[in-house]
Amino acid sequence: MENVVVGTGDLAAHVDEALAVQALAFGLGPEEVAIRRQIVLRHLAGRGARALEARTAEGRLVGFVYGLPNDRTHWWSSVVQPYLSREGNDDWLDDSFVITELHVLPDFQGHGIGRRLITGITDTATEPRSILSAIDGETPARRLYHALGYRDLARPVHFPSAARPYAVMGAPLPLLR
């Protein structure tokens, strides 16, 4: 496995490169990428938004993560709030850092890059906890999140236009190592 460096970068300036990673990692088509481009740029312009990139020594982007302090007025919060309330976990929407996106190219998965990205970004959070949503199922991503201390807060969660159900997960910060 190539040496991969995780660090800060201007993800907004490299949004197309990041979306190419997400498209491969998440199986997105061109129309979905075009929609997500605008969403990512809007998120990155938000208060407290931060991002990390994972690059090879040659500069190839192989993974990224970004997030921001949660805001109940954001679309994601409005969708997950009823599910969290149903489970008695509505308070997780307050004082939480949201992992908005985390993706690693398939050929680079399973080598600790995702772990380095998510722990690196949450280590910079001033909030006492982190929340995220992940496809509901026994996936490598969910196994990683559980190993870092995330627990299921609500599932199944259905996002409009998403074919598969999701789980909302939360963990106290700092994450487990």
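Read on for an overview of the structure. All figures in this text were calculated on a predicted structure; none of them were measured in a lab.

How each quantity is defined
- Residues numbered from 1 in each chain as written.
- Predicted model: local features only at pLDDT ≥ 70, side-chain atom pairs only at ≥ 80, totals over all residues.
- Heavy atoms only, no water.
- Helix = DSSP H or I, 4+ residues; strand = E, 2+ residues; numbered from the N terminus.
- Buried < 20%, exposed > 50% of the residue type's maximum accessible area, 1.4 Å probe, protein only.
- Pairing = 2+ DSSP bridges.
- Axes fitted to C-alpha atoms, helices over the stretch in contact; angles between N-to-C directions.
- Contact = heavy atoms within 4.5 Å.
- Phe/Tyr/Trp six-rings, centres within 6.5 Å; stacked < 30°, edge-to-face > 60°.
- Lys NZ or Arg CZ within 6 Å of the ring centre and 35° of its normal.

Considering the arrangement of structural elements, one finds Q22 in helix α1 (residues 15-26). Using a relative accessible area of 1% as the deciding quantity, one classes Q22 as buried.

The amide bond that connects R155 to the next residue, P156, takes the cis arrangement and shows omega of -10°. In this fold, P156 is placed in strand β6 (residues 151-157). Backbone geometry places D95, a non-glycine residue, at a positive phi of 55°. Mapped onto the elements of the fold, D95 is located in the loop between α3 (75-86) and β4 (96-104).

The next subject is the sheet that holds strand β1 (residues 4-7). Sheet strands pair by backbone hydrogen bonding; their relative direction is either parallel or antiparallel. Pairing is mixed across the open sheet formed by seven strands, whose spatial order is β1-β2-β3-β4-β5-β7-β6. Bordering the open sheet on either side are β1 and β6, each of which pairs with just one other strand. Averaged over all neighbouring strand pairs, the angle between strand axes comes to 20°, with direction disregarded. The pairing of β6 with strand β7 (residues 166-172) spans four bridges and is classified as antiparallel. Bridging from a neighbouring strand, R151 pairs with G170 of β7. Against the sheet, α1 touches β2 (50-56), β3 (61-69), β4, β5 (129-135) and β7, its axis set at about 100° to β3.

Moving on to the packing of aromatic side chains. Scanning all chains against the criterion turns up three aromatic pairs. Geometrically, the ring pair formed by Y145 and Y150 is edge-to-face, given 5.8 Å between the ring centres and 65° between the ring planes. In terms of burial, Y145 and Y150 fall into one category: buried. Between F159 and Y166, the ring centres sit 5.2 Å apart and the planes meet at 90°, which makes this aromatic pair edge-to-face. The positively charged end of R129 is found above the aromatic ring belonging to W92, 4.7 Å away from the centroid.

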